[in-house]
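# Descriptive structure summary
Listed below are the residues making up each chain.
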Amino acid sequence: MTSVLYERDGRIARITLNRPEVLNAIDDEMPGALSDAVARADADPAVHVMLLSGAGRAFCSGYDLKRYAGGERGGGDGGYVGQEMPWDPIQDYAFMWANTQHFMALWRALKPVVCKVHGLALAGGSDIALCADLTLIAEDAEIGYMPARVWGCPTTAMWVYRLGPEKAKRLLFTGDRIAGSEAAGMGLVLKAVPACALDDEVETLARRMAGVPVNQLAMQKLVINQAIEATGLVNTQRLATIFDGITRHSPEGLNFRKRAEEVGWKQAVRERDDGSWDWTLDRPIEGSD
């Protein structure tokens, strides 16, 4: 079963993240498969708009921590996101930069991408959702980058470009997950609607856009994206990707990985997100429940 599905429906290319049994968690295959699907849609003259969504109960829960943090790393790479020490920063950078560029295929495509978020868009899943041109979300869905607390830095850096510095700091200093309604209210996404209305809202928008000539859509996208890229987007992403590797190999990052291997990644993530574990001293925070 492929991790990304592709279907053309008239003028709309439907791209679907397809690991529903793990809430579409990102594995080694998904970033490249996503980029390939985007390239396929961009090369098809019949496609005017891409619609990105997730199969099952969520859009994307982030990187598959069972593989990357929980000690079940399989494959032939040994898990680049958590190397054994001594750490090779260039090996790490090459792996994460490639994934970031795969996600940014959504941004670089000539044709617009509408992203539909239901359930969850967390950590690396938020990176994917925020690279789209227009993101619509269910009011009860949750979006956030919890690894900002330990073991991560969002490599696409789209939080600051969508929110501005102060609101981006508000979310990345805490790693809080926020509801879709709050995300729309602060300008992180285009719009939040009740979950029961999300499909209709996204379809209406995509079909409205699909009636515009492809060249018109491409020109508007290129002009707007150029204004963002001129501020130094690529340089920001390079720095974020370097820092992402450092976060996973800092003393606290190594303690997080060790904790995940000892007690399981789910408990380690709970302790990270609720603030009950001191990652510097590698022990519970006094007074926490």
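Our subject is the structure that appears above.
Below or above, wherever it landed, is the structure these notes cover. (Residues numbered from 1 in each chain as written. Predicted model: local features only at pLDDT ≥ 70, side-chain atom pairs only at ≥ 80, totals over all residues. Heavy atoms only, no water.)

### So, the packing of aromatic side chains
- On inspection of all chains with the given rule, the structure shows six aromatic pairs.
- Ring centres of Y63 and Y68 lie 5.8 Å apart, and the angle between their planes is 75°; this geometry places the pair in the edge-to-face category.
- A relative accessible area of 1% places Y68 in the buried class.
- An aromatic cluster is built from W151, F256, W277 and W279, whose rings are joined through pairwise contacts.
- Over the face of the ring belonging to W277 we find R259, whose NZ or CZ atom lies 3.8 Å from the ring centre. (Phe/Tyr/Trp six-rings, centres within 6.5 Å; stacked < 30°, edge-to-face > 60°. Buried < 20%, exposed > 50% of the residue type's maximum accessible area, 1.4 Å probe, protein only. Lys NZ or Arg CZ within 6 Å of the ring centre and 35° of its normal.)

### Here we look at the nonpolar core
- In this structure, L34, L52, F59 and I128 are the most contacted members of the largest nonpolar core, which totals 66 residues.
- Sort the elements by how many residues they give to this core and helix α1 (residues 30-43) lands first, with six residues.
- Not counting the four nearest positions on each side in its chain, L52 is found in contact with I15, L17, L34, F59, L106, V113, V114, C115, K116 and I128.
- Membership of the second largest hydrophobic core comes to 10 residues, among which are L65, W151, A260 and V269. (Core = buried A, V, L, I, M, F, W, Y, C linked by side-chain atoms within 4.5 Å. Helix = DSSP H or I, 4+ residues; strand = E, 2+ residues; numbered from the N terminus. Contact = heavy atoms within 4.5 Å.)

### Comments concerning the pattern of salt bridges
- Evaluation of the coordinates by the stated rule reveals 20 salt bridges.
- R248 is the salt-bridge partner of D92, the closest N and O atoms lying 2.8 Å from each other. Taken as a pair, D92 in helix α3 (residues 89-103) and R248 in helix α11 (residues 233-249) lie far apart in primary sequence, 156 residues in all.
- Judged by relative accessible area, which is 1%, D92 ranks as buried.
- Looking at R248, the relative accessible area reads 3%, which means it is buried.
- When the shortest N-O distance is used, the salt bridge between E261 and R257 registers 3.3 Å. With E261 and R257 both in helix α12 (residues 251-263) and four residues apart, this pair spans about one turn of that helix.
- Among the residues examined, E261 registers a relative accessible area of 40% and is labelled partly exposed.
- Classification of R257 as buried rests on a relative accessible area of 6%.
- Within the structure, one salt-bridge network assembled from shared partners comprises D9, R14, E203 and R207. (Salt bridge = Lys/Arg side-chain N within 4 Å of Asp/Glu carboxyl O.)

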